[in-house]
Amino acid sequence: MATKVTDRPEESATRRTPMIVELYRSALGKKYVMAITGIIWMGYVLAHMVGNLKVYLGPESIDHYGDWLRTGLLTPIMPDTGTLWVLRVVLIVALIMHVVAAYQLTVMNRQARPDSYRAKRDYVAADFAARTMRWTGIIVLAFIIYHVADLTLGWTNPDFEHGLVYNNLVASLARPAVAVFYVVANLALGVHLYHGGWSLFQSMGWNHRRFNHLRRTFAIAFAVIVVVGNISFPLAIQLGIVS
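Residues numbered from 1 in each chain as written. Predicted model: local features only at pLDDT ≥ 70, side-chain atom pairs only at ≥ 80, totals over all residues. Heavy atoms only, no water.

Asker: Where do I start with the overall build of the protein chain in this structure?
Answerer: For the protein chain, the count of helices and strands is 11 helices and 0 strands. Sequence-ordered secondary structure for the protein chain, helices as α and strands as β, is α-α-α-α-α-α-α-α-α-α-α. Among the 243 residues that make up the protein chain, the fraction classed as buried is 34%. Pairs at least 24 residues apart make up 67% of the contacts formed inside the protein chain by residues separated by at least 6 positions. Approximately 15,500 Å² of the protein chain is accessible, and the part contributed by carbon and sulfur atoms is 68%. (Helix = DSSP H or I, 4+ residues; strand = E, 2+ residues; numbered from the N terminus. Buried < 20%, exposed > 50% of the residue type's maximum accessible area, 1.4 Å probe, protein only. Contact = heavy atoms within 4.5 Å. Areas by Shrake-Rupley, 256 points an atom, 1.4 Å probe, with all protein chains shown as cover.)

What follows is the structure, encoded as C-alpha cells:
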C-alpha cells in the first residue's frame, strides 16, 4: 500500500512564517521596533516643545499656531483636521508598539536570566538611566494620558475652552500640584530620552567606537533641550512671567 505524503517541502514552504514576523519574535526585532517608534516620539516631543514656545509671544501667536495645526496643516490637500488625525494615529500606534515591545523584551530578559541569578555587578555596570527606564516609561505614559485629558480633551482643565491654547495652558499650569507633576514628569522624560537617544543607535546597528562619544553628546543635548523647554512653561506661569 502506498504511503500518502502529507507535507511536501513546497507545501511546508508556503506555510512558513513571514520574515518580518520571525524578526519581531526575536529580541533584535523588538529592539528595532523600540528604536523606530522611539525616533517617531522623539521627533514629536521636540516639535511639540518648540511649538509651545510661542506661549512667550502671547495668546494670539500660540492660538494661531494651534488653529494652524487643526485646520491649516497640508490643506487643501487634506481636509480640516485630517493631517492632525493622521499624526495622532501614527503616534498612538507607535506608542502602543513601543510599550508592547518593551514589555515583551522585559519578559524575555527575565526568562533568560532570572533575578535570583543576576550578579550585583550588573547593577553597578548599568547607569541610572538604563536601570530606571521601566519606571520613567510608566511616569511618561501617565503624563501623556493626563496631558491629553487636560489640554486636548479638557476633562481635567477647570477653564478649558476649545481653540484657546494660551488660556487652557495657563489655567492648567497655574495649579501648583499640576505644575509640580509636569516638572517631575518631564524630568522622568529627560532620563528616558537620554537613555533612548543613546541606545537607539546601538539597536539600529549605528554604533562605532570612533563616534560613540557623539552618540552620548546627542543624547544629553536632546534630553536637556526638551526638558528645559518643557519645564519652563509651568515655572513661567507659576512665577507670573506668563499670565
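Asker: Is there a simple way to explain helix 8 (residues 133-152) in this structure?
Answerer: Taking 1.5 Å per residue as the helical rise, helix 8 with its 20 residues ought to reach 28 Å, and the 27 Å between its terminal C-alpha atoms agrees with that figure. All buried positions along helix 8 are accounted for by Met133, Thr136, Val140, Phe143, Ile144, His147, Ala149 and Asp150. Those residues of helix 8 that are buried lie in contact with helix 3 (27-52), helix 5 (82-112), helix 7 (128-131), helix 9 (165-173) and helix 10 (176-203). Immediately beyond the C-terminal end of helix 8, within one or two residues, lies Gly154, with a positive phi of roughly 75°. (Expected span 1.5 Å × (residues − 1).)

Asker: Could you clarify how one ought to interpret the side chain of Asp63 in this entry?
Answerer: Mapped onto the elements of the fold, Asp63 is located in helix 4 (residues 59-72). Arg70 provides the closest opposite charge to the buried, unpaired Asp63, separated from it by 7.3 Å. Polar side-chain contacts of Asp63 include one of 2.9 Å to the backbone nitrogen of Val165. With residues up to four places along the chain from it excluded, the contact list for Asp63 reads Gly163, Leu164, Val165 and Tyr166. (Lys, Arg positive; Asp, Glu negative; His and termini not counted. Salt bridge = Lys/Arg side-chain N within 4 Å of Asp/Glu carboxyl O. Polar contact = N/O pair within 3.5 Å; in protein donor to acceptor, adjacent residues only side chain to side chain.)

Asker: Help me understand the environment of Arg70, please; the structure alone is not making it clear to me.
Answerer: Within the secondary structure, Arg70 sits in helix 4. For Arg70, the contacting residues outside a window of four places in its chain are Asp80, Thr81, Leu84, His162 and Gly163.

Asker: Sorry if this is basic, but what is going on with the pattern of salt bridges here?
Answerer: Side chains that carry opposite charge are capable of pairing whenever their charged atoms lie near each other. The final tally for this structure, using the stated rule, is 3 salt bridges. Across the pair Arg25 and Glu22 runs a salt bridge, and its minimum N-O distance is 3.3 Å. Residue Arg25 and its partner Glu22 are located together in helix 2 (residues 19-25), separated by 3 residues, close to a single helical turn. For Arg70, the salt bridge identified is with Asp67, shortest N-O distance 3.7 Å.

Asker: Could you clarify how one ought to interpret the packing of aromatic side chains in this entry?
Answerer: Each aromatic ring pair is characterised by the separation of its centres together with the angle its planes make. One pass over the structure, following the stated rule, counts 10 aromatic pairs. For the pair Phe201 and Phe218, a centre-to-centre distance of 5.7 Å together with 90° between the ring planes defines the contact as edge-to-face. Highlighted residues: Phe201 in helix 10 and Phe218 in helix 11 (residues 212-238), separated in sequence by 17 residues. An aromatic cluster is present here, built from Phe143, Tyr146, Phe181 and Tyr182 joined pairwise through their rings. A cation over a ring is seen here: Arg215 above Trp198, with NZ or CZ 3.9 Å from the ring centre. (Phe/Tyr/Trp six-rings, centres within 6.5 Å; stacked < 30°, edge-to-face > 60°. Lys NZ or Arg CZ within 6 Å of the ring centre and 35° of its normal.)

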